[in-house]
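The primary structure of each chain is shown beneath.
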Amino acid sequence: MSGADVTTEVYAGTSDVKKIVGVLSGKGGVGKSTSVAVLAFNLAYKGFSVGVLDADLCGPSLSKMIGLKGNIHSCDQGWVPLSQSVGEGKISAISLSYLVDNQDQAVIWRGPKKTAMIKQFLQDVCWGKLDFLLIDTPPGTSDEHMTVMECVPNCSVILTTSPQAVAAADVLRQVTFCKTTGANILGIIETLSGFVCPTCSDCSLLFNKGGGQRLAEHCKLEFLGSVPIDPNLSKYLDSGTLGSNRDTCVSYQSYDAIVDKLLGIMGVKCLTISAEDGG
């Protein structure tokens, strides 16, 4: 089977998905999974149907963050992702954590097996009609990332970085990876941008600030916004209860502004009117 045949076959599983967006970063621990989880909730509360694909096979954490528990079932068309209604929208998810019996067991796979699993997630999952499919990825520019780019030729990308120069340098390599593979970079999010005190809500700059914006300017990319460290967000993601507690998270509001900017960049109209706008 030719490479073109493989791409067509794998992409067929997402044929009813309007927008596919991968969240990448050359650096680990800079908020990729957190960003995917919060973006998914934010989009769903705006009325969109959102799919979440956890391509971080060795560290699948999204199922816990979004609070979706259970077992994956099959139908004639393939695997059925776990789903939950969120506001006027919906979140559906697939993760390796749903397919293993022991959550504490290490996933010790070489590249070909990782590639095959990601292709299954794209082809053999009944995603159905989605407005967005968000793909969480591990650090680096390796098998998982190449598989996604090869199988989803219209995949757009959001990059995350923390403010430090060492993190931005790794993300710069991710920029060159995206340009090499032809991926459309929507913009850069700066995470860990200050610490929000849970008592007074004052923000202290623990890791400096502005590294993401400087990287965006250097690469002539859109800077989507900065997100502070928020103990409340960490607590609710750990417990899978962000949806019902989002109004108490300062950083959730930061992501709200980022989502509005992303929708504008992609030319997508918001489906609901927020309470703040009089809806």
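Just so it is clear, the model here is predicted, and its values are computed rather than measured.

### Details of the overall build of the chain
Scanning the chain from terminus to terminus reveals 10 helices and 12 strands. On C-alpha atoms alone, the chain measures out to a radius of gyration of 18 Å, which is about the 19 Å that the 2.2 N^0.38 rule sets for 279 residues. On the principal axes, the C-alpha backbone points of the chain span a range of 55 × 40 × 40 Å. Counting the 279 residues in the chain, one finds 51% classified as buried. Nonlocal contacts in the chain, meaning residues at least 24 apart in sequence, comprise 77% of its contacts between residues at least 6 apart. When the 22 positive and 27 negative side-chain charges of the chain are each reduced to one mean point, those points stand 4 Å apart.

### A short note on empty space enclosed by the protein
Following the criterion strictly, the structure yields one cavity of 30 Å³ or more and no others. Computed from the structure, the largest cavity encloses a volume of approximately 80 Å³. Lining the largest cavity, in full, are Val21, Leu39, Leu43, Phe132, Leu134, Ile158, Leu186, Val259, Leu262, Leu263 and Met266. Tallying contributions element by element places helix 10 (residues 250–266) first for the lining of the largest cavity, with four residues. Residues that form the lining of the largest cavity fall into these classes: 11 nonpolar, no polar and no charged.

### Focus on the side chain of Glu144
Examined against the element boundaries, Glu144 turns out to sit in helix 5 (residues 143–151). Look at Glu144 and you get buried, because its relative accessible area is 5%. Once residues within four sequence positions are removed from consideration, Glu144 is found in contact with Ala55, Lys114, Ile118 and Pro138.

### Observations regarding the nonpolar core
In globular proteins that are soluble, nonpolar side chains generally tend to be buried together. In terms of nonpolar packing, the biggest core is built from 64 residues, with Leu53, Leu133, Ile158 and Leu242 touching the most fellow members. With eight residues, the single largest contributor to this core is helix 2 (residues 32–45). Setting aside its immediate chain neighbours within four residues, Ile158 contacts Val21, Gly22, Val23, Leu24, Leu39, Leu186, Gly187, Ile189, Leu224 and Leu262. Core analysis: the next-biggest nonpolar cluster, separate from the first, contains 17 residues, Val157, Ala168, Cys178 and Leu215 among them.

The rules behind each value
Residues numbered from 1 in each chain as written. Predicted model: local features only at pLDDT ≥ 70, side-chain atom pairs only at ≥ 80, totals over all residues. Heavy atoms only, no water. Helix = DSSP H or I, 4+ residues; strand = E, 2+ residues; numbered from the N terminus. Rg over C-alpha atoms; globule rule 2.2 N^0.38 Å. Buried < 20%, exposed > 50% of the residue type's maximum accessible area, 1.4 Å probe, protein only. Contact = heavy atoms within 4.5 Å. Lys, Arg positive; Asp, Glu negative; His and termini not counted. Charge placed at Lys NZ, Arg CZ, Asp CG, Glu CD. 1 Å grid on protein atoms, 1.4 Å probe; cavity = no way out; pocket = protein on both sides within 12 Å on 5 of 7 lines; lining within 4 Å. Points joined across faces, edges and corners; volume = space filled by probe spheres on them. Nonpolar A, V, L, I, M, F, W, Y, C, P; charged D, E, K, R; others polar. Core = buried A, V, L, I, M, F, W, Y, C linked by side-chain atoms within 4.5 Å.

These results come straight from atomic positions and should not be treated as a statement about function.
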